[in-house]
Amino acid sequence: MVKQLYSIIHVDEAIQTMEAGANNIGLVPTQNGGVPAHRVPLYRVDQIHKECQKRGVNLVLIMLTNDPEEMLDLAKRLQPEILHVAGDGYAADEEFARRLKEYAPKTALMQAVLVDDHSAVKRAKKYAEYVDYLLLDSGLAPDTGIGASGLTHDWKIDREIVESVDIPVIEAGGLGPDNVAEAIKFIKPYGVDSLTKTSIKYEGGHMEKDIPKVKAFCEAADKAAQESGL
Ligand SMILES: O=C(O)c1ccccc1NCC(=O)[C@H](O)[C@H](O)COP(=O)(O)O
């Protein structure tokens, strides 16, 4: 089971998160969009990427800008394992997927799907024709994009999506050590993601990973996956 942990800011935090069991390290490279307190300067994204590569962990970069040219420039400059598109006003299309392969041939494309109602199934099936991963998520806030809500949504829709697409699906939205096992057993996703419930929150939107909670999340996810034969 892939365990994806957001939103990493510092190199030491990334190392501790990987040592606690994360296979995907998610962060917000500095861009025109997203929670300002989560933006990571590009030189530090490179440092974190080196630590990921030493450990065989994927670096996942979220795109909260709505400008596809800015996304492609970031992909070209940073060459992450996964580019996660989650802006509030732009979703990847076939042309974007084609151009990403030119700019960053080894970078996989992940599209966030806002699971607000049953129409999410149709959108997910469309994206699945040309992206490499789907991430099913809750909440859409202007200027911050899809996600980071700390809220769950209707898992029945997610299960239907997992059953109807042929690409890997990562489940997100309000997951933590307390409910990740239940989500895995019900939805049977390829991976799970957590931000809010595995982080310590400070004033001004600042957060840092709560390493014991990250460890508990990863252990609970692996146990549930094993019990479900995933
Ligand atoms: O990392 C961020 O700052 C961020 C900001 C806005 C949207 C998404 C963001 N992070 C990426 C994710 O996809 C989250 O991990 C996902 O939404 C889960 O969030 P949560 O419900 O808080 O666990």
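Everything numeric in this text was worked out from a predicted model, so none of it was measured. (Residues numbered from 1 in each chain as written. Predicted model: local features only at pLDDT ≥ 70, side-chain atom pairs only at ≥ 80, totals over all residues.)

### Here we look at the overall build of the chain
Keep this limit in mind: The helix count covers DSSP runs of H or I at least four residues long, the strand count covers runs of E at least two residues long, and both are numbered beginning at the N terminus. Each radius of gyration reported is based on C-alpha atoms, and the globular scaling rule is 2.2 Å times the count of residues to the power 0.38. Any residue whose C-beta has 12 or fewer other C-beta atoms within 10 Å is treated as exposed, any with 20 or more as buried, and any in between as partly exposed, C-beta atoms being built from the backbone. Contact between residues is assigned whenever the C-beta positions, reconstructed from backbone atoms, fall within 7 Å.
From N to C terminus, the chain includes eight helices and 13 strands. Against the compact-globule benchmark of 17 Å for 230 residues, the chain has a radius of gyration of 16 Å, which places it among compact chains. By its C-alpha atoms, the chain is 40 × 40 × 35 Å across when sized along the principal axes. Going through the 230 residues of the chain one by one, you find that 47% of them count as buried. Long-range pairs, those at least 24 residues apart, make up 59% of the contacts in the chain between residues at least 6 apart in sequence.

### Structural notes on helix α1 (residues 11–19)
This is how the line gets drawn: What the arc measures is the spread of directions leading from the helix axis to the C-beta atoms.
Those residues of α1 that sit buried are E13, A14, T17 and M18. Angularly, the buried residues of α1 cover 135 degrees about the axis, an arc narrow enough to put them on a single face. Residues of α1 that are exposed and point more than 90 degrees away from the buried face comprise D12 and E19. Residues of α1 that are buried make contact with β1 (2–5), β2 (24–29), α2 (42–55), β13 (207–209) and α8 (211–227). Of the residues flanking the end of α1, it is G21, one or two places downstream, whose phi is positive at about 120 degrees.

### Some details on the UniProt feature "domain: N-(5'phosphoribosyl) anthranilate isomerase (PRAI)" (unreviewed entry) in the chain
This is how it is decided: UniProt positions are given in the numbering used here, feature names are shortened, and annotations may be inferred rather than shown by experiment.
Here, UniProt's "domain: N-(5'phosphoribosyl) anthranilate isomerase (PRAI)" (unreviewed entry) annotation points to residues 50–218. What you have in residues 50–218 is 37% helix and 23% strand, and the ends, taken at the C-alpha atoms, are 22 Å apart.

### Quick notes on the nonpolar core
The cut-off we apply is this: The term nonpolar core refers to a group of buried residues, namely Ala, Val, Leu, Ile, Met, Phe, Trp, Tyr and Cys, whose C-beta atoms join them within 7 Å.
Counting 69 residues, the largest nonpolar core has I25, L83, V113 and L134 as its most contacted members. Residue contacts for L83: discarding those within four places in its chain leaves L61, M63, M71, A75, L100, T107, L109 and M110.

### Quick look at the pairing of strand β6 (residues 108–114)
Heads up, the condition is: When DSSP finds two or more bridges between two strands, those strands count as paired. A clockwise path from the first strand over the helix to the second, with the strands pointing away from the viewer, defines a right-handed crossover.
When you tally the buried positions in β6, you get six out of seven residues, the bulk of the element. The pairing of strand β5 (residues 82–85) with β6 spans four bridges and is parallel. Bridging from a neighbouring strand, I82 pairs with A108 of β6. As a crossover connection, the stretch from β5 through helix α4 (residues 94–103) into β6 is right-handed. Pairing geometry for β6 and strand β7 (residues 133–137), over five bridges, is parallel. When the sheet's bridge partners are listed, A112 is paired in β7 with L135. In this region the chain leaves β6, passes through helix α5 (residues 119–127) and returns to the parallel neighbour β7; the handedness of that crossover is right-handed.

### A look at the packing of helix α3 (residues 68–78) against α4
Note the threshold: Where helices are involved, their axes are fitted lines through C-alpha atoms of the stretch in contact, as for all axes, and angles between N-to-C directions lie from 0 to 180°. When describing relative orientation, an angle under 35 degrees is termed roughly parallel and one over 145 degrees roughly antiparallel, while 65 to 115 degrees is termed roughly perpendicular and anything else oblique. With the far helix as reference, a near helix turned anticlockwise by less than a right angle produces a left-handed crossing, and one turned clockwise produces a right-handed crossing. Amino acids are sorted into nonpolar (Ala, Val, Leu, Ile, Met, Phe, Trp, Tyr, Cys and Pro), charged (Asp, Glu, Lys and Arg) and polar (every other residue, Gly among them).
Contact pair α3 / α4: the axes reach a minimum separation of 9 Å and the direction vectors enclose 30 degrees. Here α4 runs roughly parallel to α3, going by the angle between their axes. For the crossing formed where α3 meets α4, the hand is right-handed. Within the contact between the two elements, α3 uses P68, L72, A75 and K76 and α4 uses F96, R99, L100 and Y103. Residue classes in the contact of α3 with α4 are distributed as six nonpolar, no polar and two charged.

### Section: the site of the ligand
The line we're drawing: We call a residue near a molecule or strand when the C-beta position, derived from backbone atoms, sits within 6 Å of it.
Looking at the ligand, there are 26 residues lining it, with Y6, S7, G147, L195 and T196 nearest. Elements with a minimum of two residues in the shell around the ligand: β2 and β11 (191–194). Taken together, the residues that form the shell around the ligand break down as 10 nonpolar, 13 polar and three charged.

### Notes on the environment of N66
With respect to the helices and strands, the residue N66 is situated in the loop between β4 (58–63) and α3. By the C-beta count within 10 Å, which is 17 here, N66 ends up partly exposed. With 33 residues separating them in the primary sequence, N66 and G33 have C-alpha atoms 7.7 Å apart. Ignoring any residue separated from it by four or fewer positions in sequence, one finds N66 in contact with G33, G87, D88, G89 and Y90.

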